Amino acid sequence: MAFTRATAQLAEKLTGKLTGLTESLTEKHHLSSRSVRTRVGLAGAAALTVTGVVGAAATPAIAAPDQGSGTYALGFVQAMAVGDTIADDVRAQAQAQQRVADAAEEKAAEEREAEKAAEEREAEKAAEERRAAQKREAAQEKRANERADRSAERRSATGYVDPVAGVDTTTTYKQAGASWSSGKHSGIDFPANTGTPVRSVGPGTVVTVGWGGAYGNQIAIRHDDGKYTQYAHLSATKVSAGQKVDGGQRIGAVGSTGNSTGPHLHFEARNGAYYGSDFNPITYLAGKGVDV
């Protein structure tokens with residue numbers, strides 16, 4: 001923009017000089033001496049040299065002072081035309097650059113808007129996921145409470161409860177896998193945090209307490225119906241061998257001792273006190289009115 005203003009100012013000065021020169025030549029056309037024409041030619045050449053526009057269009061008129069004052073005037077007019085053309089080119093270039101800058105700014109603004117919209121979508125997606133998780137947790141809590149209520153009602157009649165209150169089972173009975181020596185799971189699992197209370201499922205007598213190898217810390221109870229239950233991977237035990245217990249009484253706490261991949265209770269129903277006499281624990285508890 002500064003160059004455009006300078007060009008316009010120079011064009012204005014050249015126009016003034018050309019007007020004065022034309023008037024001088026008109027009044028003194030009878031003076032055709034070589035010295036006068038030479039001074040005019042040199043003055044024009046100096047002015048054109050300053051602007052940097054001395055070129056093919058102006059040179060012939062300036063280089064031939066003997067052709068007369070009309071030729072000099074024509075040379076300056078041509079020089080002025082060249083100056084105007086350069087000024088127009090500079091303005092056009094400046095306008096083109098401004099258009100490019102405006103387009104770049106518009107594109108940047110669009111990209112910022114797109115990024116903002118993407119961030120808003122991600123935030124909304126995260127919020128929806130949180131809401132869905134909260135709904136799932138609420139539904140799980142509701143089911144656990146309902147199951148606990150049912151267990152409490154049944155315990156009043158049968159004296160039996162689930163070993164970990166309000167927890168759904170995961171690994172099923174007889175599920176195949178390399179984690180177990182027999183190749184199959186001999187019980188069911190109740191995933192819970194370490195320290196969660198473990199309860200005797202029914203009234204009976206504690207027959208074993210202590211380390212059980214792959215079972216980690218474990219307890220086995222003989223119930224009044226002659227069947228046995230085992231509680232494994234405990235982080236703590238609260239009873240001793242020979243102790244009488246009631247259904248629902250706390251006997252230990254969930255842990256991850258022995259062959260365990262994380263805190264949970266491994267629960268078995270058995271026909272005898274030791275490994276190998278297991279049968280389906282869900283069937284056993286269901287027969288006592290307990291839903292797990």
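Keep in mind that this is a model prediction, so the values were computed, not measured.

Looking at the overall build of the chain
Reasoning step 1: The helix and strand inventory of the chain stands at 5 helices and 10 strands.
Reasoning step 2: Here the chain, with 292 residues, has 33% of them falling under the buried criterion.
Reasoning step 3: Restricting to contacts in the chain with at least 6 residues of sequence separation, those with at least 24 account for 60%.
Reasoning step 4: Looking at the chain as shown, the accessible area adds up to about 16800 Å², and 54% of this sits on carbon and sulfur atoms.

A look at the side chain of His264
Reasoning step 1: The topology assignment puts His264 in strand 9 (residues 264-270).
Reasoning step 2: Within the structure, the side chain of His264 is placed 2.7 Å from the backbone oxygen of Gly262, a separation counted as a polar contact.
Reasoning step 3: Discounting chain neighbours no more than four positions away, the residues touching His264 are Asp189, Phe190, Pro191, Ala192, Ala232, His233, Val254 and Gly255.

Here's the deal with the pairing of strand 5 (residues 228-234)
Reasoning step 1: The element strand 5 is extensively covered by neighbouring structure, given that 7 of its 7 residues are classed as buried.
Reasoning step 2: Pairing geometry for strand 4 (residues 217-223) and strand 5, over 5 bridges, is antiparallel. Of the residues in strand 5, the one forming a bridge with Ala220 is Gln230.
Reasoning step 3: Where strand 4 hands over to strand 5, the hairpin turn is made up of 4 residues, of which Gly226 adopts a positive phi near 90°.

So, the confidence of the model for the chain
Reasoning step 1: The pLDDT averaged across the chain works out to 76; a share of 63% of its residues lies at or above 70.
Reasoning step 2: Note that pLDDT drops below 50 for residues 29-65; the model gives that stretch 35 contacts with residues more than four away or on any other chain.

Side note on the sheet that holds strand 2 (residues 197-199)
Reasoning step 1: Taken together, the 3 strands give an open sheet; going across it, the order is 2-8-6, and neighbouring strands pair in antiparallel fashion. Every interior strand has two partners, whereas the edge strands, strand 2 and strand 6 (236-237), have only one.
Reasoning step 2: In the sheet, strand 2 pairs with strand 8 (residues 250-253) via 3 bridges, with the strands oriented antiparallel. Counterpart to Val198 in the pairing with strand 8 is Gly252.

As for the pairing of strand 8
Reasoning step 1: The pairing of strand 6 with strand 8 spans 2 bridges and is antiparallel. In the strand pairing of strand 8, Thr237 is matched with Gly252.

Remarks on the nonpolar core
Reasoning step 1: Formed by 24 residues in total, the largest nonpolar core has its most connected members in Val164, Val198, Ile219, Tyr231, Ile251, Leu265 and Phe267.
Reasoning step 2: Put simply, the parts of the chain that give this core at least two residues each are strand 1 (188-191), strand 4, strand 5, strand 9 and helix 5 (281-287).
Reasoning step 3: Looking at which element gives the most residues to this core, the answer is strand 9, with 3 residues.

Things to note about the pattern of salt bridges
Reasoning step 1: Inspection of the entire model under this criterion finds 6 salt bridges.
Reasoning step 2: Of the charged contacts, one joins Asp162 and Arg199 as a salt bridge, the two residues approaching to 2.4 Å between their closest N and O atoms. Here the residue Asp162 occupies a position in the loop between helix 4 (69-158) and strand 1, and Arg199 occupies one in strand 2, the gap between them amounting to 37 residues.
Reasoning step 3: According to the relative accessible area criterion, Asp162 is buried, its value standing at 1%.

A short note on the environment of Leu265
Reasoning step 1: Structurally, Leu265 can be placed in strand 9.
Reasoning step 2: Judged by its relative accessible area of 0%, Leu265 is buried.
Reasoning step 3: For the pair Leu265 and Pro197, spaced 68 residues apart in the sequence, the C-alpha separation amounts to 10.0 Å.
Reasoning step 4: Excluding residues that lie within four positions of it along the chain, Leu265 makes contacts with Pro163, Val164, Ile188, Asp189, Phe190, Val198, Tyr231, Ala232, Leu234 and Val254.

Calculation rules
Throughout, a residue's number is its position along its own chain's written sequence, starting from 1. Local features in this predicted model are restricted to residues of pLDDT 70 or higher, and side-chain atom pairs are both shown and tallied only at a pLDDT of 80 or more, whereas totals for entire chains, interfaces and linings draw on every residue. No hydrogens and no water enter the side-chain calculation; it runs on all heavy atoms of the structure. Put simply, DSSP H or I for four residues or longer makes a helix, DSSP E for two residues or longer makes a strand, and each gets a number counted from the N terminus. Exposure classes here rest on a 1.4 Å probe applied to the protein chains alone. A residue is buried below 20% of its type maximum, exposed above 50%, and partly exposed in between. In this description, contact between two residues means that some pair of their heavy atoms is separated by no more than 4.5 Å. Only the protein chains shown count as cover for residues, and the accessible areas themselves come from Shrake-Rupley with a 1.4 Å probe. We call two N or O atoms a polar contact when they sit within 3.5 Å, provided that within protein one can donate a hydrogen and the other can accept it, with sequence-adjacent residues counted only if both atoms are side-chain atoms. A pair of strands is treated as paired once DSSP finds two or more bridges between them. pLDDT is a per-residue confidence score from the predictor, ranging from 0 to 100. Nine residue types can take part in a nonpolar core, namely buried Ala, Val, Leu, Ile, Met, Phe, Trp, Tyr and Cys, and a core is a set of them joined through side-chain atoms within 4.5 Å. The working definition used for a salt bridge is a side-chain nitrogen of Lys or Arg within 4 Å of a carboxyl oxygen of Asp or Glu.

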